[in-house]
Amino acid sequence: MIEFEKVTFVHQSGVKALQDVNLRIRKGEMVSIVGENGAGKTTLVKHIIGLLKPTEGRVNVFGKDTRDASTAQLSRMVGVAFQNPDHQLFCETVEEEIAFGLKNFGFSPDVIEKRINWALGFFGLEKYRKNPPITLSGGEKKRLTLACILAWDPEVIILDEPTVGQDAIQKEKLSEIVRMLNSMGKTVVIVSHDIEFLWPMQPRVVVMSSGKIVADGEASSVMNDSYLLEKARVTQPQLIRLYNSMKRKPQRPFRDVFDAERHIMEALSVRTG
Amino acid sequence: MALLEIENLNFRYLDSEREVIQDFSLSMEHGEVLVLAGPSGCGKSTLLRAINGLIPHMYQGEYKGRVVVDGMEVAKSEMRALAQKVGFLFQNPENQIFMFSVERDIAFGLENLGIPRQEIRERVDNAMRLLGITNLAKRAPHELSDGQKQRVALAGVLAMDPKLVILDEPTSLLDPLTARELVYAIGKINKEKGTSFIIVEHRLDLVVTVADRLAVMYEGKKIFDDRPEKVLLECDVEPYGVLVPAVTKLQRQLSRQGIPLPRRLLAPEELPVELGV
Ligand SMILES: Nc1ncnc2c1ncn2[C@@H]1O[C@H](COP(=O)(O)OP(=O)(O)OP(=O)(O)O)[C@@H](O)[C@H]1O
Ligand SMILES: Nc1ncnc2c1ncn2[C@@H]1O[C@H](COP(=O)(O)OP(=O)(O)O)[C@@H](O)[C@H]1O
Ligand SMILES: [Mg+2]
Ligand SMILES: [Mg+2]
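Attention here is on the structure that accompanies the text. These numbers come from a predicted model, not from an experiment.

**Some points on the site of ligand 1**
1) Next: Residues in contact with ligand 1 amount to 21 residues; listed here are only the nearest, K41, T42 and T43 of chain A together with R139 and S145 of chain B.
2) Next: Residue neighbours of ligand 1 fall on chains A and B, so the site bridges chains.
3) Next: H193 of chain A is positioned with one of its side-chain polar atoms (N or O) 2.8 Å from an oxygen atom of ligand 1.
4) Next: With the chains in place, 87% of the 640 Å² that ligand 1 exposes on its own is no longer accessible.
5) Next: Elements supplying a minimum of two residues to the shell around ligand 1: α1 (41-48) of chain A together with α6 (146-159) of chain B.
6) Next: Its residues placed into classes, the shell around ligand 1 shows four nonpolar, 12 polar and five charged.

**Focus on the sheet that holds strand β3 (residues 30-35) of chain A**
Residue and element names in this part refer to chain A.
1) Next: Strand order in this open sheet of six strands is β6-β7-β8-β3-β9-β10, and the pairing throughout is mixed. In this open sheet, the two edge strands, each paired with only one partner strand, are β6 (78-81) and β10 (212-218). When the angles between neighbouring strand axes are averaged without regard to direction, this sheet yields 15°.
2) Next: Pairing of β6 with strand β7 (residues 156-160), which is carried by four bridges, proceeds in the parallel orientation. Bridged to G79 within β7 is I157.
3) Next: Against the sheet, helix α5 (residues 138-151) engages β6 and β7, with an angle of about 175° to β6.
4) Next: In the packing of helix α6 (residues 168-183) onto the sheet, the strands contacted are β3, β7 and β8 (187-191), and the crossing angle to β8 comes to about 145°.

**A short note on the site of ligand 2**
1) Next: Surrounding ligand 2, one finds 19 residues, the nearest of these being Y128 of chain A together with G41, K44, S45 and T46 of chain B.
2) Next: What surrounds ligand 2 is not a single chain but chains A and B.
3) Next: Here a nitrogen atom of ligand 2 and a backbone polar atom of T135 of chain A are 3.1 Å apart.
4) Next: Interatomic distance of 2.8 Å between a side-chain N/O atom of S45 of chain B and an oxygen atom of ligand 2.
5) Next: The greatest single-element share of the shell around ligand 2, amounting to four residues, is contributed by helix α1 (residues 44-52) of chain B.
6) Next: Its residues assigned to classes, the shell around ligand 2 shows seven nonpolar, seven polar and five charged.

Each value, and the rule that gives it
Residues numbered from 1 in each chain as written. Chains lettered and ligands numbered in written order. Predicted model: local features only at pLDDT ≥ 70, side-chain atom pairs only at ≥ 80, totals over all residues. Heavy atoms only, no water. Near = heavy atom within 4 Å. Polar contact = N/O pair within 3.5 Å; in protein donor to acceptor, adjacent residues only side chain to side chain. Areas by Shrake-Rupley, 256 points an atom, 1.4 Å probe, with all protein chains shown as cover. Helix = DSSP H or I, 4+ residues; strand = E, 2+ residues; numbered from the N terminus. Nonpolar A, V, L, I, M, F, W, Y, C, P; charged D, E, K, R; others polar. Pairing = 2+ DSSP bridges. Axes fitted to C-alpha atoms, helices over the stretch in contact; angles between N-to-C directions. Contact = heavy atoms within 4.5 Å.

So this is what it looks like as structure tokens:
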């Protein structure tokens, strides 16, 4: 559904931000993209909605070469919440900001009203309904960009660093909705440095470094490869580090704190007899 | 004399309904590292603005109480004078990057202070090395990735060598290894120069390793303020949106079940060793 074929991209400044990238994302997948600052993650995302076109190679989205499609056409299917919310917010009030995309896509006024109410409620922004987006806190701005995208329910949802500025409760809610949308068949792509947030969702993990894809696989295997991760300046989740430090490892690695607790209690009872 | 004294501060922005900061008091000694956590929107950035003078000098609103930095009362001092004592990293790095090249950008604040050229060169080079951006020296800041921009902004703050450095979510855009190196650098600067830090963060696993205190804020008020291990192992911070690192959560759970464990925060590699498993 999203296909990168030997894509190379060179910025005007001469920086090669993508180098021979091959990537295929299928419908209904949950894919995370990790890798060092400047690895090319955002550049890759911009190619999916045609904001950037490959210098060499091809990007196909829903069977269409992005060179032959406008960003407006692609945005009907693909919603992107960009890394920096200040680049995406421009309306007078929070409510208008959410309504903007919905109006553009021709939803009826009562649907728009319902979706706005849902989005404001879900992201804890009701009290700012009539406020200008620029007066929101950093984390609230970020949630507003997420609300705008999720409100119009695109087929493919791309989130570039969605957890920036979010506390534990907001992260948990975000993780829940992402899982729910994915289980409904939506394709989700998350770019993030927040390994502790990504890992419990057990997504497919694409590792980027210096413009290249250096690994691509299940979270359970990629996250276990500390040597590979380190080269892309990524660290392992805490519970994997804990698991690897145990003298007698349980049969399966931990998936969450409860899992880890159970195994440790078992190990302790074996030790004390 | 304390480095920072906040006495019963209250603040309301012109167009906000409620007071964003409510009767907030805090005192900090020279050389301390304080981490400030709390839910999104609880007033952390607002509090920081009241320390560096953006509030009340640039943001209008209702202001009550007193903030004193190193003997200077913020509301009665010029921003320029405050800027020499307090370095500030904004939540969004684009708010403070504007020159044509990375190294010029980092040198900008120093040039304004009239520091000799040779010393500027040294301080800029040191700051770039500390943050691993020497290879970006000649690049245009607006053409960098977001994480690279954040490192440039931070280098500019550290090069000024202020007594108090305030960092608003400094690791949020950094890749995990760079974040770890940054926290290590903070610890080193703090030990070597006695620089104090206030760090707003949601990801606590890294920053607590260099913190003397962890304060938790909720709806404009201070809820907890103590040694990080006390707050994370003995207080119930989850209702206040604080993300307890996975291993710390486990350590707390096991301690509560009566398993003897040290009262300091254990790293993932240490916990199995302490337990003998
Ligand atoms: N507008 C631009 N002009 C020129 N070069 C750019 C531009 N934007 C990004 N670059 C460069 O392209 C490379 C990839 O940048 P990109 O923003 O894709 O990185 P990223 O992986 O998203 O990093 P981060 O984790 O910091 O967000 C970097 O070397 C960056 O400096
Ligand atoms: N310039 C402003 N004008 C009006 N309200 C603001 C402004 N900046 C922040 N706020 C509001 O003040 C509250 C606290 O914001 P902030 O201090 O940025 O939170 P935090 O940094 O803890 O996420 C939020 O409700 C936010 O919407
Ligand atoms: Mg990016
Ligand atoms: Mg903030």
